[in-house]
Every structure is written in C-alpha cells, then in structure tokens.
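# Descriptive analysis of the structure
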Amino acid sequence: MNPILVFCEQRDGRLKKVGLEALGEACRLTKPLEREIIAVVIGSSVSALAQEPARHGASRVLVAEDPTLAYYSSEIYSTILTEVAIRLQPVAIVMGATAMGKDLAPKLAARLTSALIQDCVALEMDTDGSLLATRPMYGGKLHAVVKAKNPLMQIVTVRPNVFSPLEPQPASDILVERLTIAVNGTRPIARVRETHKTAGGRKELTEASIIVSGGRGLKGPEHFTLIEELAAALGAAVGASRAAVDAGWKPHSYQVGLTGKTVSPQLYIACGISGAIQHQAGMSSARTIVAINNNPNAPIFKLASYGIIGDLFEVVPLLTEEVKKLKTG
Ligand SMILES: Cc1cc2nc3c(=O)[nH]c(=O)nc-3n(C[C@H](O)[C@H](O)[C@H](O)COP(=O)(O)OP(=O)(O)OC[C@H]3O[C@@H](n4cnc5c(N)ncnc54)[C@H](O)[C@@H]3O)c2cc1C
C-alpha cells in the first residue's frame, strides 16, 4: 500500500513541532489501513534528528544530509523530495504550513503535477483513499472541504498547532536511510549564503502555543511592556493588531491577521483589540480566546471563550501577578 510521506522541517538543527503534528495526524489517518509513514528530514548535520520522527510515529526516516543543505533552498529541497516521491509513490505528502512549507509545497506540486491543498485544519481519508482536507477560506469566514480531482500524490500543508503529535515512544530499531540523491548533482540558480534573525530570540508567533497580543487600546508603544510581562509570565509569544503595527509600536513581524501572521495557539489573549474581521482572520482558530476590552460591544467578545470587560491597564497587571503566584506555587 502506498505510504504517506511527511516532510519534517528543521531550522538550526531543531525539528519544528508542526512536523511531529503532521506525523501524528498521518498516523491517525492511516490507522485502519496501516500505511507506512515515512518522514523526510533535510539539512546539514541532521542525522541526530532522525530519532525524533521515529519516536512520534514514523515507521521509516529518510535523511538528506549535506553541508550545502545548511540553508533552505526551494530548488534543492524540492528536487530531493521529488526524487523521493517518484521512488516511493506516496498517496500523500504532508508538511507544515510554515513559511518554508508554503514555499516548498507549490514547487513540489508543480514538479510532480500533483494537487496541492494549503493550510489544512482537518484531514480525513475518503473511501477511495483520497484526502478530504478542510481549509479556512475568505479570512476564516468559512471552512471548505476540498478533495483533489487526482487522488494520486496529493500534497497538503497543515496549519501549525492544530493537530496533536503522538505521545513520544521509546526509540526503537527504526530504519534510518541516508539519501544521497540529487544533492550533489543539483546546481541551484540561487543559493542562500547566510541568514540574519530580526527577532533576536523572540518566540515565533506561528509556533507559539500561547500568544498575548496588544492593540490600539494600549494607547502607546511604552505600554506594550504590560503585554510583554504577561507573556513572559505565561511563557507566551507577543503579537499585535495592525493598528498597533501601523502606529509603529511594533514591527510587522508581530502582526496577527489577514495581512499579518495566521496563528493557532492553544490560548490567545487579546488586550485592547476590537476584533475586526481582518484580525480574526489570523487568530480565530485559536483553541481558547480571552478578550480584555473596556467596550462590552467590541466584536472580539463574540469570538472569545472568556471575556473580561474592563480596563486593560488594571486587568493585565493583575493577571500577570496571578500567573506569577501560580507559577511560584
Ligand atoms: C485590507 C486590510 C487588511 C487588514 N489586515 C489586518 C491584520 O492583518 N491584522 C489586524 O489586526 N488588522 C488588520 N486590518 C485592520 C483592521 O480592520 C482593524 O483596523 C484593526 O485590527 C484594529 O486594531 P485594534 O483592534 O488594535 O484597534 P481598534 O479597532 O481601535 O480597537 C481598540 C480596542 O481597544 C479597546 N480599548 C481602548 N482602551 C482600552 C482599555 N483601556 N482597556 C481595554 N480595552 C481598551 C477599545 O474598546 C477597542 O475595542 C486590516 C484592514 C484592512 C482593510
């Protein structure tokens, strides 16, 4: 039976959680059919990472390791995955809907002439073995269930933090195969020589399981410290509405929403954010939403699991204090 291929993205020698989430979902999908689940890891010095997909449901791990793979290249990565896919004929190729996944998946789909379904939030297997993929559309206003016309080798990207990874199992004698294909023969048109981080160690919004965001209700950039203190107490990432970003209080990399980042944390705390439809487009799939706003009619309350009607300048420091107390126990 054709396997499912899961591309497990790594950056700086660490696997992204979404790869393990994709593996968990692939295991759930294939349980009745017992398809093989094959993980692919690509990079420089990444052999040590092979055990992690194995502990999270992969029955086989393919590793493409070469110093030239230190930086992501859509050309080389898609060449490697194309060769793997042609050899193994997977029924589906799954990867995270991350910046890398969103860049890589279309190139791979074009090379394999496969269907591509991006940013999925639910997956099911249809009776004919093809995938039924649910993806938000129109900024999250509706969810469409999409089925590829050609069910062979469908490529899907999955939204981070939506699916659950399996509980890690003890490492077994899993088959780890080193890929020598393509890497040497590929001469890319462009090569990344170095990368610079702009966020200075800041938690990545799209990966975070807790996000505290601030909006225009903060009234000035200096008050973002309130948000940062609550985020630090919770171990959360900091986000912002477009109004806060447009005002220059935070860089665009903080923006959540239609023209910012799409996030799916377990907990999203919106402070002084009205909840405009364009903001909701980026955060409505958060599992639990807490809104702090002094206007009881703010649209964010329609979406929120818990709402606090009050002045954020009073509520946020109290919350921070309570979280700190709970943590110190
Ligand atoms: C094409 C397009 C794309 C867009 N993309 C995005 C996007 O990606 N992300 C995004 O966020 N927006 C986006 N927007 C903008 C969006 O429409 C809103 O203008 C924006 O989200 C408003 O930001 P806000 O909620 O911080 O500000 P406001 O709408 O001004 O809301 C501020 C809120 O703070 C509350 N408040 C004020 N003082 C306090 C206080 N002391 N305590 C508690 N609450 C208080 C107010 O009651 C109010 O609800 C986009 C718009 C367009 C047209």
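Structure's up top.
Here goes a summary of the coordinates provided.

Conventions used here
All chains use their own residue numbering, which begins from 1 and follows the written sequence. Restriction of local features to residues with pLDDT of at least 70 applies here, the model being predicted, together with a cutoff of 80 or more for giving and counting side-chain atom pairs; totals for whole chains, interfaces and linings are based on all residues. Hydrogen atoms and water are omitted, and side-chain values are computed over all heavy atoms in the structure. Helix numbering and strand numbering both begin at the N terminus, where a helix is a DSSP run of H or I of at least 4 residues and a strand a DSSP run of E of at least 2. A radius of gyration in this sense is built from C-alpha atoms; the matching globule rule multiplies 2.2 Å by the number of residues raised to 0.38. Residue exposure (1.4 Å probe, protein chains only): buried if accessible area is under 20% of the type maximum, exposed if over 50%, otherwise partly exposed. Two residues qualify as a contact provided that any one of their heavy atoms is within 4.5 Å of a heavy atom in the partner residue. Accessibility throughout is a Shrake-Rupley quantity obtained with a 1.4 Å probe, and a residue counts as covered only by protein chains that appear here. In this tally, Asp and Glu contribute negative charge and Lys and Arg positive charge; neither His nor the terminal groups of the chain are included. In this description, the location of a charge corresponds to atom NZ of lysine, CZ of arginine, CG of aspartate or CD of glutamate. Only rings of Phe, Tyr and Trp enter the pairing, Trp through its six-membered ring, and a pair is recorded when the two centres are within 6.5 Å. The plane angle decides the type: under 30 degrees is stacked, over 60 is edge-to-face, the rest tilted. Any two strands with at least two DSSP bridges between them are considered paired. Note on definitions: angles span 0 to 180 degrees between N-to-C directions of axes, and those axes are lines fitted to C-alpha atoms, for helices only across the stretch in contact.

## Overview of the overall build of the chain
Within the chain, the regular secondary structure consists of 9 helices and 17 strands. The C-alpha radius of gyration of the chain comes to 21 Å, within 12% of the 20 Å expected for a compact globule of 329 residues. The dimensions of the chain, computed from C-alpha atoms along their principal axes, are 60 × 45 × 40 Å. Within the span of the chain, comprising 329 residues, buried residues form 52% of the whole. Taking all contacts inside the chain whose residues are at least 6 apart in sequence as the whole, residues at least 24 apart take part in 64%. A total accessible area of about 15,800 Å² is found for the chain, and carbon and sulfur atoms account for 53% of it. For the chain, the centre of its 35 positive side-chain charges and the centre of its 30 negative side-chain charges are spaced 4 Å apart.

## What about the packing of aromatic side chains?
All chains considered together, the criterion is met by 2 aromatic pairs. Here Tyr 72 and Tyr 77 contribute two aromatic rings whose centre-to-centre distance is 5.0 Å and whose plane-to-plane angle is 85°, an arrangement assigned as edge-to-face. When its relative accessible area of 2% is taken as the criterion, Tyr 77 is described as buried. In this structure an aromatic cluster arises from ring pairing among Phe 7, Tyr 72 and Tyr 77.

## So, the sheet that holds strand 16 (residues 288–293)
Pairing within the open sheet is parallel, and its 5 strands lie in the order 14-13-15-16-17. In the strand order of this sheet, the two ends are held by strand 14 (237–240) and strand 17 (306–309), each with one partner. Between one strand axis and the next, the sheet turns through 15° on average, direction left out of account. Where helix 5 (residues 224–234) meets the sheet, its contacts fall on strand 13 (210–214), strand 14 and strand 15 (267–271), and the angle it forms with strand 13 comes to roughly 170°. The strands touched by helix 9 (residues 312–328) within the sheet are strand 15, strand 16 and strand 17, with strand 16 carrying the most contacts at an inclination of about 135°.

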